[in-house]
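Listed below are the residues making up each chain.
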Amino acid sequence: MAKVKPRVKVPRKAAPGDVITIKTLISHPMESGQRKDKKTGELIPRKIINRFDAKFEGEDIFSVDIAPAVSANPYFEFSVTVPGPGEFQFSWVDDDGSVYETKKKIKAA
Amino acid sequence: MEMTRRDMLAFASALAAVGLIGIKPAEASTELLEEAINKFAGGMPESGGVSITAPEIAENGNTVPVEVEAPGATDILILADGNPNPDVATMHFGKLAAEQRGATRIRLAKTQNVVAVAKMQDGTYRMAKREVKVTIGGCGG
């Protein structure tokens, strides 16, 4: 399986109170559980990212409960009011229990 | 049997008509959709207050960009009535969210309605619906 790699785009700097847009993407096949193996005719078991969370210093910004109808390499875009300098935390939860995480610092002055 | 050009055309158009009817599937998923809305909102919400931005025609149903926005919402449920399972995603907005707006990319099996149900801060629910025409479906096949 391809390696799961999260990618997040956050501006490096912003003034406190600024509204910024964050774009996130994680490489993942999002196997829906509806597809059949072409050779054996058996259903390929479901394996998706079922939850995404975005926080700033532990405080909730945006989160999503995800069903198989979200495309492969799930992409999310949302906006945040920057409270000040600090760190954004992003996490994705896989059906198999793995959690993929990434962090981004922002300078706000 | 000899076929004139006229017979041939009549025959062809009859076939086409049958074909069109044949493609239209039974709408069993409307029930599933209503069930999902009921589960989330406890009834049929009023429309308005929610906007869905999606292409009118999506060439590839495997990845259709969809954006939902509902000012004053805490959660937005996204559903698609023509998929094997109507659930798509539920977005939750925290305190730091600047706007109650989120964009993602979804799979649509065929031409269908994308539905967004928003839960507002005051506990009421609002809803919006938008049709997306899909040229190539996005569910395995």
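What this report covers is the structure whose coordinates are included nearby. As the structure is a computational prediction, the values presented were derived from the model and not from experiment. (Residues numbered from 1 in each chain as written. Chains lettered and ligands numbered in written order. Predicted model: local features only at pLDDT ≥ 70, side-chain atom pairs only at ≥ 80, totals over all residues. Heavy atoms only, no water.)

### A word on the overall build of chain A
The line we're drawing: Helix and strand assignments come from DSSP, with helices taken as H or I runs of at least 4 residues and strands as E runs of at least 2, each series counted from the N terminus. Throughout, radius of gyration means the C-alpha value; the globule benchmark is 2.2 Å times the number of residues raised to the power 0.38. For each residue, the accessible area found with a 1.4 Å probe, counting protein chains only, is set against the maximum for its type, and the residue is called buried under 20%, exposed over 50%, and partly exposed in between.
From N to C terminus, chain A includes zero helices and eight strands. Mapped in sequence order, the helices and strands of chain A form the string β-β-β-β-β-β-β-β. Taken over the C-alpha trace, chain A has a radius of gyration of 16 Å; the compact-globule value for 109 residues is 13 Å, which it surpasses by more than 25%. Out of the 109 residues in chain A, the part that is buried amounts to 45%.

### Things to note about the overall build of chain B
The condition that has to hold: The contact definition used throughout considers only heavy atoms, calling two residues in contact when any of these lie within 4.5 Å. To be clear on the numbers: accessible area is Shrake-Rupley with a 1.4 Å probe, and residue cover counts the displayed protein chains and nothing else.
Check the secondary structure of chain B and you find two helices and nine strands. Out of the 141 residues in chain B, the part that is buried amounts to 39%. A fraction of 63% describes how many contacts in chain B between residues 6 or more apart in sequence connect residues 24 or more apart. If you sum the accessible surface of chain B, you get close to 7900 Å²; carbon and sulfur atoms cover 54% of it.

### Regarding unusual backbone geometry
All names here are of chain A. Despite not being glycine, M30 has its phi angle at roughly 50°, a positive value. Here M30 shows up in the loop between β3 (19-26) and β4 (49-56). One non-glycine residue with positive phi stands out, namely N73, at about 55°. With respect to the helices, strands and loops of the structure, N73 is situated in the loop between β5 (59-66) and β6 (75-81). Looking at N73, the relative accessible area reads 36%, which means it is partly exposed.

### A word on the pattern of salt bridges
The following threshold applies: One speaks of a salt bridge when a side-chain nitrogen belonging to Lys or Arg is within 4 Å of a carboxyl oxygen belonging to Asp or Glu.
Applying the stated criterion to the full structure yields 12 salt bridges over all chains. Three or more residues are tied together by salt bridges with common partners; here these are K47, D94 and D96 of chain A.

### Description of the interface of chain B and chain A
To keep it simple, the criterion reads: Buried area adds together the accessible area that both of two parts lose upon being put together, with accessible area traced by a 1.4 Å probe. Whenever a nitrogen or oxygen atom comes within 3.5 Å of another N or O atom, the pair is scored as a polar contact, on the condition that within protein one atom can donate a hydrogen and the other can accept it, and that pairs from neighbouring residues in sequence are kept only if both atoms are in side chains. Strands are labelled as partners when DSSP assigns at least two bridges between them.
At the junction of the two partners, chain B supplies 26 residues and chain A supplies 32 residues. Here chain B meets chain A over a buried area of about 2300 Å², counting both sides, of which 51% is carbon and sulfur. For the chain B face of the interface with chain A, the top three residues by lost area are L96, R105 and R107 of chain B, together amounting to 31%. The interface formed by chain B and chain A holds one salt bridge in total. For the salt bridge of K95 of chain B with E59 of chain A, the shortest nitrogen-to-oxygen distance reads 3.8 Å. At the junction of chain B and chain A, the tally comes to 18 residue pairs in polar contact (both at pLDDT 80 or more). Contributing elements (two or more residues each) for the side of chain B that touches chain A: β6 (87-93) and β7 (97-106) of chain B. At nine residues, the largest contribution of residues to the side of chain B that touches chain A is made by β7 of chain B. One ladder, built from five bridges, connects β5 of chain A with β6 of chain B; its direction is antiparallel. Counterpart to V64 of chain A in the pairing with β6 of chain B is M91 of chain B.

### Describing the sheet that holds β6 of chain A
The following threshold applies: For every element, the axis is a line fit to its C-alpha atoms; helices are fit only across the contacting stretch, and the angle between N-to-C directions ranges from 0 to 180 degrees.
Spatially, β1(A)-β3(A)-β6(A)-β7(B)-β4(B)-β2(B) is the arrangement adopted by the six strands of the open sheet, whose pairing is antiparallel. Each end of this open sheet is capped by a strand with a single partner; those strands are β1 (6-9) of chain A together with β2 (51-53) of chain B. Between one strand and the next, the sheet's axes are offset by a mean angle of 20°, whatever the strand orientation. Bridge analysis of β3 of chain A against β6 of chain A gives seven bridges, and the strand direction is antiparallel. Looking across to β6 of chain A, one finds that I22 of chain A is bridged to F78 of chain A.

### Here we look at the nonpolar core
Here is the rule: Nonpolar cores are built from buried Ala, Val, Leu, Ile, Met, Phe, Trp, Tyr and Cys residues. Side-chain atoms within 4.5 Å join them into one set.
Counting 56 residues, the largest nonpolar core has I20, I22, F52, F62, F78, F88 and F90 of chain A as the members making the most contacts within it. Once residues lying within four places of it in the same chain are set aside, the contact partners of I22 of chain A are V8, K9, V10, F76, E77, F78, V80, F88 and F90 of chain A. Within the second largest apolar cluster, nine residues are counted, among which are L33, I37, A41 and M127 of chain B.

### A look at the packing of aromatic side chains
Counted only if it meets this: Geometry of aromatic contacts follows a simple scheme: Phe, Tyr and Trp rings, the Trp one being its six-membered ring, pair when their centres are within 6.5 Å, and the pair is stacked under 30 degrees between planes, edge-to-face over 60, tilted otherwise. Placement of a charge over a ring requires the Lys NZ or Arg CZ to be within 6 Å of the ring centre, with the centre-to-atom vector within 35 degrees of the ring normal.
Across all of its chains, the model carries 10 aromatic pairs over all chains by this definition. Plain terms: the ring middles of F62 of chain A and F93 of chain B are 5.6 Å apart, the flat faces sit at 50° to each other, and that makes the pair tilted. With F62 of chain A in strand β5 and F93 of chain B in strand β6, the pair connects residues from two separate chains. Of the two residues examined, F62 of chain A and F93 of chain B, each falls in the buried class. Site record: aromatic cluster; members linked through ring pairs are F52, F62, F76, F78 and W92 of chain A together with F93 of chain B. Above the face of the Y75 of chain A ring, R105 of chain B is positioned so that its terminal group lies 4.1 Å from the ring centre.

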